[in-house]
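Results of the structural survey
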Amino acid sequence: MITNLLVANRGEIARRVFRTCRSLGIATTAVHSDPDAGAPHTREADAAVRLPGAAPADTYLRGDLIVKAALAAGADAVHPGYGFLSEDAEFARAVIDAGLVWIGPPPEAIAAMGSKTAAKRLMAGAGVPVLDAVAEPVEADLPLLVKAAAGGGGRGMRVVRRLDELADQLFAARAEAAKSFGSDEVFCEPYLPTARHVEVQLMADAHGTVWAVGDRDCSLQRRHQKVVEEAPAPGLADEVRTALHRAAADAARAIGYTGAGTAEFLLAADGRFFFLEMNTRLQVEHPVTEAVTGLDLVALQLAVAEGEKLPEHPPASVGCAIEARLYAEDPARDWQPSTGTVRRFELPLPYEEFGGRGLRLDSGVEPGSEITVHYDAMLAKLVAWAPTRAAAARRLADALSRARIHGPDTNRELLVRALRHPAFLAGDVHTAFLTEHAADLHLADRNAKEAEDRLPALAAALADAAERRSGRALPSGWRNLPSQPQTKRYAAADGTEFEVRYRFGRAGLDAVGHPGTELVSATPARVVLATDGLRRGYDVARYGDRVHVDGPTGGTVLTALDRFPDPADHTDPGALLAPMPGTVVRTAAAVGDAVKAGQPLLWLEAMKMEHRVAAPADGVLTELRATPGLQVELGALLAVVQPHHPS
């Protein structure tokens, strides 16, 4: 029996596995990089072993160090979590060769699914439908998806819509795949932009029992990475669902699979489906399956590893569950990752532990956690269960809107809008959903955005005034005679700037541009406003020039601006500044080159993803300070493009 388990991972998945271990009476061992020395997963384990360094290649991807850590800590089993080494057959073999129990499928099964191209050939031989790779693309094959053969998670993937883009996209995909997975093998397959991403949870034991536990829809994606997942997949015809489960079980049997795994499929609008890949590990989205079945999939992984036999059939699913991934990123700025300190992280509604019904939070962070460029941008997963899909979506959206998340930018508002979108509620989901409904989800309309931020900005200004009042009897700016309004300038998260103007007189608050708005009360931390008799309360927190205003319908992030900007702060319009801290991975132009607006000039790597930096205008590249391997801070000057001026 397993007595001490090491989790070869970090963050929320490490905490998730530890939670089950505590319930089973199994001691736990963590590993941690230097940035994670004080992380929640490190503190919560019974023992922790340092992996010197910060970058994944020096720490969580060092299988030799992890095996040594397990032996030094007296662990007798290793759970890989997801990502990092979880689908590395050589790591699995090293764990087994060291006399440790591997919590996962046999290394041979991992190797069989390790290459997407080889896996497709194997699945086709087992009678599972596959999308054929396109060896020599022609115009009729477009659009195409370039994919890394050795990995997933959105890395090494590129969409090609024109043949003249193919060479560049192949080069970029190979470079990213080599860096992420140690192999630059890529392939092309047909791209179905409005298909659905549907997967089947598998669990198999060493006695020949294979469960198709249930299915999930993971179609809401950005940059080919999942954002919202749900179980069961909505709107599937019974015969399609049955065929998917059968194909997934056939795939598992074809490779002698044991443990937890997931068969992923692309589902076309006409009901046809095609095998994409098998993830030979626990999925990020496994909590939605646990919520509808009542199973603890980690406990089942451990039981199978100890040689136990599964019952003949899995439990039936009850109700619906939806999971939303909270990322430290800005959706309005091409999903740029955001770093910094998590100042506040609260979900005010109670939630149940896994296996219960209601709300569940799986998180890798807490107040004080530092979000760095070294690891994935996911902060947490929030899961809601309800008897119906609509009720689960409403419960999840409400919990997210009431959350208090201060610090780095997050995708929280986009998640709320997606869960409340009529198309989502109607079950009209597909992999292009976030792109198709971008205007609604990002609130691209400037007037709508200003209207949404107007009252929170007024609340921020009045909270600031309350703080500056410092105990004076009269409000800041009060005059016996009419006077000029007080003015505060703010920038919204999308860069929109606007002014808040107010003054106090005998009649109370006069908020310019806010007719009918009255101040009920104001402290530095909370402002209550009433507009035409409708009262709203706003919690205000300020961290330097960054202001978080949490109201009844969600949160607003503002940046306080100087009333009179310093001319020295003006940036040349042709200057390209680093949108995030990161590492320059490659450049695509040289000084003196003529460039077009939107043309990629260089790529930064941050949070396990590559991010393109493009020319801001047509012109000539007159300066290039970025070189491959250079680490840059937020706002660093990368390049200068001298724009063409009309003669």
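In this report, the structure presented in the accompanying data block is examined. Remember, it's a predicted structure, so these values are computed and weren't measured experimentally.

Here Thr29 shows up in strand 2 (residues 27-32). In this structure the side chain of Thr29 is engaged in a polar contact, spanning 3.0 Å, whose partner is the side chain of Asn4.

Below, the discussion takes up the layout of surface pockets. Taken as a whole, the second largest pocket spans an internal volume of roughly 700 Å³. Arg333, Ser338, Asp409, Arg546 and Leu634 are the residues nearest the centre of the second largest pocket, which is lined by 25 residues in total. When residues of the lining of the second largest pocket are traced back to their parent elements, those giving at least two are strand 16 (336-337), strand 17 (340-341), strand 29 (546-551) and strand 30 (554-561). Among the elements that line the lining of the second largest pocket, the one with the most residues is strand 30, at three residues. Residue composition of the lining of the second largest pocket, by class: eleven nonpolar, nine polar and five charged.

With that settled, consider the packing of aromatic side chains. One pass over the structure, following the stated rule, counts six aromatic pairs. Measuring from ring centre to ring centre gives 5.7 Å for Tyr60 and Tyr375, while their planes differ by 75°; the resulting arrangement is edge-to-face. Pair noted here: Tyr60 is in the loop between strand 3 (47-50) and helix 3 (63-73) and Tyr375 is in the loop between strand 20 (370-371) and strand 21 (378-386), with a separation of 315 residues, a long-range link. With a relative accessible area of 0%, Tyr60 lands in the buried category. Plain terms: the ring middles of Phe91 and Trp102 are 5.7 Å apart, the flat faces sit at 90° to each other, and that makes the pair edge-to-face. Of this pair, Phe91 sits in helix 4 (residues 89-97) while Trp102 sits in strand 5 (residues 101-102); the two residues are eleven residues apart in sequence, bridging distant segments of the chain. Taken together, the ring pairs connect Tyr60, Phe84 and Tyr375 into an aromatic cluster. Over the ring of Tyr327 we find Arg222; its NZ or CZ atom is 4.2 Å from the centre of that ring.

Pairing within the open sheet is antiparallel, and its four strands lie in the order 31-38-36-33. Each edge of the open sheet is held by one strand with a lone partner, namely strand 31 (575-577) and strand 33 (594-595). Summarising the sheet, strand 31 and strand 38 (residues 637-643) pair through three bridges and their orientation is antiparallel. Considered in strand 38, the bridge of Leu576 is made with Ala639.

With that settled, the discussion passes to the pattern of salt bridges. Per the counting criterion, the structure on display carries 47 salt bridges. Of the charged contacts, one joins Arg241 and Asp215 as a salt bridge, the two residues approaching to 2.7 Å between their closest N and O atoms. With Arg241 in helix 8 (residues 238-254) and Asp215 in strand 10 (residues 210-222), this residue pair connects regions lying 26 residues apart in the sequence. Note that Arg253 and Asp250 form a salt bridge whose closest N and O atoms lie 3.9 Å from each other. Pair noted here: Arg253 and Asp250 are both in helix 8, with a separation of three residues, about one helical turn. Taken together, the shared-partner salt bridges in this structure form one network comprising Glu199, Arg216, Lys226, Glu229, Glu264, Glu285 and Arg325.

Here we come to the pairing of strand 30. Alignment of strand 23 (residues 486-492) against strand 30, held across four bridges, turns out to be antiparallel. By the bridge assignment for strand 30, Ala491 is matched with Thr559. Of the strand pairs in this sheet, strand 29 and strand 30 are connected by six bridges, and their pairing is antiparallel. Paired with Arg546 across the strands is Thr559, a residue of strand 30. What sits between strand 29 and strand 30 in their antiparallel hairpin is a turn of two residues.

The next thing to look at is helix 5 (residues 107-114). When helix 5 is considered as a whole, its buried residues turn out to be Pro107, Ala109, Ile110 and Met113. An end-on view of helix 5 places all buried positions within 160° of arc, on one side of the element. Buried residues in helix 5 make contact with helix 4, strand 5, helix 6 (116-125) and strand 13 (273-279).

The next subject is the pairing of strand 21. With respect to burial, strand 21 is a largely interior element, nine of its nine residues being buried. Across five bridges, the pairing between strand 19 (residues 359-363) and strand 21 is antiparallel. Bridging from a neighbouring strand, Asp362 pairs with Lys381 of strand 21.

What follows is about the sheet that holds strand 35 (residues 609-614). Taken in spatial order, the four strands make up an open sheet running 35-34-32-37, and their pairing is antiparallel. What marks the edges here is a single partner per strand, and that holds for strand 35 and strand 37 (631-632). As paired elements, strand 32 (residues 582-587) and strand 34 (residues 600-606) share four bridges and run antiparallel to each other. Within strand 34, the position partnered with Val584 by the bridge is Leu604. Relative to the sheet, helix 7 (residues 166-181) contacts strand 32, strand 34 and strand 35, its axis offset from that of strand 32 by approximately 140°.

The rules behind these values
Residues numbered from 1 in each chain as written. Predicted model: local features only at pLDDT ≥ 70, side-chain atom pairs only at ≥ 80, totals over all residues. Heavy atoms only, no water. Helix = DSSP H or I, 4+ residues; strand = E, 2+ residues; numbered from the N terminus. Polar contact = N/O pair within 3.5 Å; in protein donor to acceptor, adjacent residues only side chain to side chain. 1 Å grid on protein atoms, 1.4 Å probe; cavity = no way out; pocket = protein on both sides within 12 Å on 5 of 7 lines; lining within 4 Å. Points joined across faces, edges and corners; volume = space filled by probe spheres on them. Nonpolar A, V, L, I, M, F, W, Y, C, P; charged D, E, K, R; others polar. Phe/Tyr/Trp six-rings, centres within 6.5 Å; stacked < 30°, edge-to-face > 60°. Buried < 20%, exposed > 50% of the residue type's maximum accessible area, 1.4 Å probe, protein only. Lys NZ or Arg CZ within 6 Å of the ring centre and 35° of its normal. Pairing = 2+ DSSP bridges. Salt bridge = Lys/Arg side-chain N within 4 Å of Asp/Glu carboxyl O. Arc of directions from axis to C-beta. Contact = heavy atoms within 4.5 Å. Axes fitted to C-alpha atoms, helices over the stretch in contact; angles between N-to-C directions.

Everything listed here is a matter of geometry and, on its own, says nothing about what the molecule does.
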